[in-house]
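Commentary on secondary and tertiary structure
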Amino acid sequence: MTRADGRQAHDLREIKIERGFTIHAEGSVLVSFGNTKVLCNASFTPGVPRFKKDSGEGWVTAEYSMLPRATHDRSEREAVKGKIGGRTHEISRLIGRSLRAVIDVKQLGENTIVLDCDVLQADGGTRTAAITGAFVALADAVAWAKKNGYIAKSAKPLIDTVSAVSVGIIDGVAMTDLAYVEDVRADTDMNVVVTGRGLFVEVQGTAEAEPFDRDELNRLLELALQANLELSKMQREALGEDLDLR
């Protein structure tokens, strides 16, 4: 089945990972999944939150937001509303969990890395793009910390890569990496987070119309697994020799 943008059902959109996008952050990546663009900045700070103090372990967390004109119509800034929305909280926590799945906080030492993922342009899959880009920014922040003596050069905090992709069923066809026009039509949609070794970190799946059966679930998971292995390869190519996995 040929899709609106010319892709086949199992194809990812054009993926771009641009490192060093801003000059101040210890890791900075602009990641593009087609027309979806997310800026992922990693900030390294010595010290940890109070609940981690004197534990000998570091902390990795994330914050997600969407700029007012990331979508077709302007959305009001949550800072102006004075309240962070539930969706924003959910996605922020998802990104943090995904990154912590592939980092050894003991090897990180009592240091904190915060990933700020800001959606510049939204066309479906903003959370999956954020996770994929945030890992590359995280890897750059770890490399910066080792270079500048905050982490021992012999330490290897990164265990594996991690990425995410959306999959869904539209008109009975299982598809990979849904753009917005596909996402709103999907009978079933799912976000799947996977490590470079092919281990699942999180699966978020919902039947928007007809419930899906086990065969459809397996098909979607297989599509997601294959797509994430492609994304892991892209992450490794983007980082090159700067990626130092255990």
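Everything quoted here is computed from the prediction, not taken from an experiment.

Looking at the environment of Val 114
Tracing the chain through its elements places Val 114 in strand β5 (residues 111–121). Residue Val 114 is classed as partly exposed on the basis of its relative accessible area of 22%. For the pair Val 114 and Ile 95, spaced 19 residues apart in the sequence, the C-alpha separation amounts to 11 Å. If sequence neighbours within four positions are ignored, Val 114 has contacts with Asn 41, Ala 42, Ser 43 and Thr 61.

Some words on the packing of aromatic side chains
Applying the stated rule across the entire model yields four aromatic pairs. With centroids separated by 5.4 Å and ring planes inclined at 15°, the aromatic side chains of Trp 144 and Tyr 150 adopt a geometry described as stacked. By relative accessible area, which is 28% here, Trp 144 ends up partly exposed. Exposure remark for Tyr 150: the relative accessible area of 40% places this residue in the partly exposed category. Grouping aromatic residues by their ring pairs yields a cluster made of Phe 44, Trp 144 and Tyr 150.

A short note on the sheet that holds strand β2 (residues 27–33)
Pairing within the open sheet is mixed, and its five strands lie in the order β1-β2-β3-β5-β4. Looking at the sheet topology across the chains shown, the edges are occupied by β1 (15–19) and β4 (59–66). Pairs of neighbouring strands in the sheet enclose a mean axial angle of 15°, with direction left out of account. Inspection of the sheet shows strand β3 (residues 36–46) paired to β5 by ten bridges, in the antiparallel sense. Paired with Ser 43 across the two strands is Val 114, which belongs to β5. Across the sheet, helix α2 (residues 86–100) touches β4 and β5, and the angle it forms with β4 is around 145°. Packed onto the sheet, helix α4 (residues 126–147) meets β1, β2, β3, β4 and β5 and runs at close to 35° relative to β3.

Analysis parameters
- Residues numbered from 1 in each chain as written.
- Predicted model: local features only at pLDDT ≥ 70, side-chain atom pairs only at ≥ 80, totals over all residues.
- Heavy atoms only, no water.
- Helix = DSSP H or I, 4+ residues; strand = E, 2+ residues; numbered from the N terminus.
- Buried < 20%, exposed > 50% of the residue type's maximum accessible area, 1.4 Å probe, protein only.
- Contact = heavy atoms within 4.5 Å.
- Phe/Tyr/Trp six-rings, centres within 6.5 Å; stacked < 30°, edge-to-face > 60°.
- Pairing = 2+ DSSP bridges.
- Axes fitted to C-alpha atoms, helices over the stretch in contact; angles between N-to-C directions.

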